[in-house]
Amino acid sequence: MDASAGQAVTETEDRKSAESKAIENAEAPATLRAEHAAPERLVLARGIFTGPAPKISDDLYAVAKGKVTRERRTLRLEKGASVHTNTYFGRFAAAYWQRWTSVTEVEVGMTLEVAGKVRIRLAASDIAGHRRVVDTAVVRETGRVVLRAPLDMYVDGGAIWLEIEALGGEVVVSDLEWTAAAPEQVRPVAIAICTFNRAQDCANTVAALASDPTVLSLIDAVYVVDQGTDLVQDQALFTETQPRFGDKLRYIRQPNLGGAGGFTRGLYEVSAANEHADVILMDDDILCEPETVLRLNAFANLTVEPTLVGAQMLFLFNPDYLNVGAEETNLGKLRHGQKVAKALRNTSMLKKHQERRVDAGYQAWWTCLIPAEVVKRIGLPVPIFFQWDDVEYGLRARENGFVTVTLPNAAVWHADFYWKDFDDWARYFSSRNSLIVSSLHHDLDPKAVTRQLFREIGEYLVGMQYGLAHTTLQGIEDYLRGPEILRDGGIEALAKARGSRSDYPETIKHPAATSPVPNAHLHVRRAGGEPSHPLLVLYKRALNQWLGRVIPGPVAVTREDAHWWHVGLFNQVVVTDASQSGVRVRVRDKETARKLLLRAYRVLKQLRKDLPSLQQRWRAAMPELTSRENWERLYGID
């Protein structure tokens, strides 16, 4: 046997051994302790001074003036330098801690190596951002220093931070911790990561958790639920990281049941291993800040009542930008992802702070802690495969007395949503699941709902997005079939949503340089402002398209200008895809529009007639849909 053949055999044996170990771990009972020994003081947050990746600005953690050297947990200030932590990750969200937890005072301690004199201020803000000083220290000797701040003036807003000045010589700051009196018991916590064919991303997330020994010590188990064919266990980084977890890592493979199926498997497994354990649900493709796990866990341990605690989302491509400070729903209009009043949205956290406390209606599952009591009281999620599953669970939790807090200064980075085109197969699930979830938690008005949906589909048709109209109608049609459509957990629905979109040419993305329309014939046409009477404009555009009274084209339209009222002026339009990776060609097709319009009329007429009885059917099916027995059947667990 030559060396290369021997190496191949060895690699094969190693892979089989790793797979065998993963399967063995998945089947073994998780090490989830009933309780943790409580320390005298619980660490609520640590002083972190650099991010988990080079692309992340250090100024999200601390802002330095003068010569300052940073490491993850250490600062070195030369004489005359200063640092403050009035930053996204450096602030302590006092308003949230006072409103939702039993904490009445926090201490911030740090170890100083002093070669001169250092002045430290503990500063605070109010709802309007006005600064005040709550404690100070002037230190001339090396040692541990503690400053204190009562939580008594922050109900509606405000935060606390540190300001450090090296006045007389070099200062080294390390082991900075925000602490409070610990509860009698510390709750066990596990992490569940759902993944589908993002093996490298998932391996990176698992490695990030393992990179922080303190965070790793807090976690009782990590469940990686792999639903794909590009397996996480085949990633070298995952294999290298696995030993750091000891017996805490559980790798589970199962059919693709969407995010709902993957996250639910984590809830299912953890609650079976220890009904008193909290679960942090975490996306596979995030850039993980391990400190966020510590902060969510600490907050959950000190809330007055069991509380869902969510991390905020920062944009992965624009890492200092916050997605939204807190979200709520408008179920009457089938909407989720609605910004809570006064919450920041699409805002640079280098330029602005969220001073005001804003209360969330639910929390998306890019990272969210679910208390054990919630799973015990309300059961498992609904098997709706993709989108709205986190919304439904948060709404159901609130109806059963459990609030949700989206915690500032605890975040992960996730791919920016506005880079994803609205016109894709996921619209099927958004359409269907919005009706399902709204039916479960709101008394829908049949006339208002069908009128709104008819208008939306009309806008798609005027915008020559025939595939989008088709996909939306598919979702409504399957909602009309009732709870039976969830029998297989969404596998058939996924195939259906993806399978027929290619029948509509404008759903196909082309490279911009080689699109079917010659570039020499294209001229960019910019849009004007939004019409003051959009419904009248919609009727006008639809009539003109039907009569052929449109500008011949072809024309090019940028993503930002691709509004239906602008695109509808032309016969042929090359529109930039939201991903900026290509273009789509929309061409007026009177016959296709006619067929889809008639289909929409029939479907929405049925929806208006059947909506009251359908809502009752969906509500009656909830106990069975969310039961452990139903999920066991979907997972193939005997």
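In short, a report on the structure. (Residues numbered from 1 in each chain as written. Predicted model: local features only at pLDDT ≥ 70, side-chain atom pairs only at ≥ 80, totals over all residues. Heavy atoms only, no water.)

**Describing helix α14 (residues 534-547)**
- The end-to-end C-alpha distance of α14, which contains 14 residues, comes to 20 Å, matching closely the 20 Å that a straight helix rising 1.5 Å per residue would cover.
- Of all the positions in α14, only Val537, Leu538, Arg541, Asn544 and Gln545 are classed as buried. Burial along α14 is one-sided: seen end-on, the buried residues are contained in an arc of 135°. Relative to its buried face, α14 has exposed residues pointing more than 90 degrees away, namely Leu536, Tyr539 and Lys540.
- The secondary structure elements touched by the buried residues of α14 are α11 (446-462) and α15 (564-567).
- Just downstream of α14, Gly548 is the residue with a positive phi angle, here 80°. (Helix = DSSP H or I, 4+ residues; strand = E, 2+ residues; numbered from the N terminus. Expected span 1.5 Å × (residues − 1). Buried < 20%, exposed > 50% of the residue type's maximum accessible area, 1.4 Å probe, protein only. Arc of directions from axis to C-beta. Contact = heavy atoms within 4.5 Å.)

**Side note on the sheet that holds strand β8 (residues 131-139)**
- Strand order in the open sheet formed by five strands is β2-β5-β10-β7-β8, with antiparallel pairing between adjacent strands. Edge positions in the sheet fall to β2 (63-65) and β8, since each has one partner strand and no second. For this sheet, the mean angle separating the axes of adjacent strands, direction not counted, is 15°. (Pairing = 2+ DSSP bridges. Axes fitted to C-alpha atoms, helices over the stretch in contact; angles between N-to-C directions.)

**Comments concerning helix α13 (residues 491-499)**
- What α13 keeps buried is the set Ala493, Leu494 and Ala497. Viewed along the axis of α13, the buried residues span an arc of 100°, placing them on a single side of the element.
- In this structure, the buried residues of α13 make contact with α10 (426-441) and α12 (466-481).

**A few points about a nonpolar patch on the surface**
- On the surface, a nonpolar cluster with roughly 310 Å² of combined accessible area is contributed by Phe317, Tyr418 and Trp419.
- With a relative accessible area of 46%, Phe317 lands in the partly exposed category. (Patch = residues over 30% accessible without salt bridge, like charges linked within 9 Å, V, L, I, M, F, W, Y side chains within 5 Å. Areas by Shrake-Rupley, 256 points an atom, 1.4 Å probe, with all protein chains shown as cover. Salt bridge = Lys/Arg side-chain N within 4 Å of Asp/Glu carboxyl O.)

**Considering the environment of Pro408**
- Mapped onto the secondary structure, Pro408 falls in strand β22 (residues 404-414).
- With a relative accessible area of 7%, Pro408 lands in the buried category.
- Spatially, the C-alpha atoms of Pro408 and Tyr88 are 7.8 Å apart, while their sequence positions differ by 320 residues.
- In this view, Pro408 contacts Tyr88, Ala93, Tyr96, Gln312 and Gln354; residues no more than four positions away in its chain are not counted.

**What about the packing of aromatic side chains?**
- One pass over the structure, following the stated rule, counts 23 aromatic pairs.
- Note on Phe92 and Trp178: the rings are 5.2 Å apart at their centroids and 10° apart in plane angle, and the pair reads as stacked. With Phe92 in the loop between β5 (82-84) and α2 (94-100) and Trp178 in strand β11 (residues 171-181), the pair connects residues that are 86 residues apart, well separated along the chain.
- Geometrically, the ring pair formed by Phe315 and Tyr418 is edge-to-face, given 5.5 Å between the ring centres and 80° between the ring planes. With Phe315 in strand β16 (residues 308-315) and Tyr418 in the loop between β22 and α10, this pair connects stretches of sequence that are 103 residues apart. (Phe/Tyr/Trp six-rings, centres within 6.5 Å; stacked < 30°, edge-to-face > 60°.)

**Let's talk about the pairing of strand β4 (residues 74-77)**
- Taking every second residue as pointing to the same face, the buried face of β4 carries Leu75 and Leu77, while none of Thr74 and Arg76 on the other face is buried.
- In textbook terms, the turn of a hairpin is the stretch between consecutive antiparallel strands, and for strand β3 (residues 68-70) and β4 this stretch comprises three residues.

**Describing the packing of α10 against α12**
- Between α10 and α12, the shortest axis-to-axis distance is 7 Å and the interhelical angle comes to 35°. The hand of the α10/α12 crossing is right-handed. Residues Arg427, Tyr428, Ser431, Arg432, Leu435, Ile436 and Ser439 of α10 pack against Leu468, Thr471, Thr472, Gln474, Gly475, Ile476, Asp478 and Tyr479 of α12.
- By residue class, the composition of the contact of α10 with α12 is six nonpolar, six polar and three charged. (Left-handed = near helix turned anticlockwise from the far one by under 90°. Nonpolar A, V, L, I, M, F, W, Y, C, P; charged D, E, K, R; others polar.)

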